[in-house]
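Here are the chains, one letter per residue:
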Amino acid sequence: KMESAINDLRVIGGDAANGVTVERDGNMPPRHLVVTVTDDGKAKGKEALEGLIVEALKSAADKSKVGRDQAQKDMMTYISDSMKKMGMNG
């Protein structure tokens, strides 16, 4: 359950208006990673583009961590609820 939640998670970092976005799943390292650079992003030049890509990757990684943490929290709640149903609450 938790694994599929992390695999199915999709977060986007970066800003399409700046010409760079990164989409990834919740895995670390990601199994799904899509970096999109538009002509606007390319027009900013190599140094600026490198900075935008790094920012987008960091932003997406931060968002995926939040998603992973939530999936873990949900799993703990599920386990707790399951134990209560079986009369194993302590």
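Quick caveat, the model's predicted, so the values are computed rather than measured. For every chain, the first residue of its written sequence is number 1, and the numbers climb from 1 along that sequence. The predicted origin of the model limits local features to residues at a pLDDT of at least 70 and limits the giving and counting of side-chain atom pairs to 80 or more, whereas totals for whole chains, interfaces and linings rest on all residues. Processing note: side-chain calculations cover all non-hydrogen atoms of the structure and skip hydrogens and water entirely.

Some points on the sheet that holds strand β1 (residues 11-15)
The strand order β1-β2-β3 describes an open sheet built from 3 strands, whose pairing is antiparallel. What marks the edges here is a single partner per strand, and that holds for β1 and β3 (33-37). Adjacent strand axes in the sheet meet at a mean angle of 10° when their direction is disregarded. Strand pairing is assigned whenever DSSP identifies at least 2 bridges connecting the two strands. A run of H or I in DSSP counts as a helix once it spans at least four residues, and a run of E counts as a strand once it spans at least two, with each numbered from the N terminus. By the bridge criterion, 5 bridges tie β1 to strand β2 (residues 20-24) in an arrangement that is antiparallel. Looking at β2, one finds that Gly14 is bridged to Thr21. Two residues form a contact once any of their heavy atoms are found within 4.5 Å. The axes are straight lines fitted to the C-alpha atoms, using for helices just the contacting stretch, and the angles between their N-to-C directions are given from 0 to 180°. Each of β1, β2 and β3 touches helix α3 (residues 46-85); the most contacted strand, β2, lies at about 30° to it.

Quick notes on α3
Expected helix span is computed as 1.5 Å times (number of residues minus one). Over its 40 residues, α3 extends 58 Å from the first C-alpha to the last, a length consistent with the 58 Å expected when each residue adds 1.5 Å. All of the buried residues along α3 are Leu49, Leu52, Ala56, Ala60, Ser64, Gly67, Arg68 and Ala71. In this structure, the buried residues of α3 make contact with α1 (2-8), β1, β2, β3 and α2 (39-43). Within two residues after α3, Gly87 carries a phi angle of roughly 75°, on the positive side. Only protein chains enter the accessibility calculation, which uses a 1.4 Å probe; a residue is then buried when its area is under 20% of its type maximum, exposed when over 50%, and partly exposed in between.

A word on the pattern of salt bridges
We define a salt bridge as a side-chain nitrogen of Lys or Arg found within 4 Å of a carboxyl oxygen belonging to Asp or Glu. Enumeration according to the criterion identifies 4 salt bridges in this entry. Among the ionic pairs, Asp39 bridges to Lys42, the shortest N-O distance being 4.0 Å. One end of the pair, Asp39, and the other, Lys42, are both in helix α2, 3 residues apart, so they sit about a helical turn from each other. Since its relative accessible area comes to 59%, Asp39 is described here as exposed.

The values are spatial; any link to function lies outside them.
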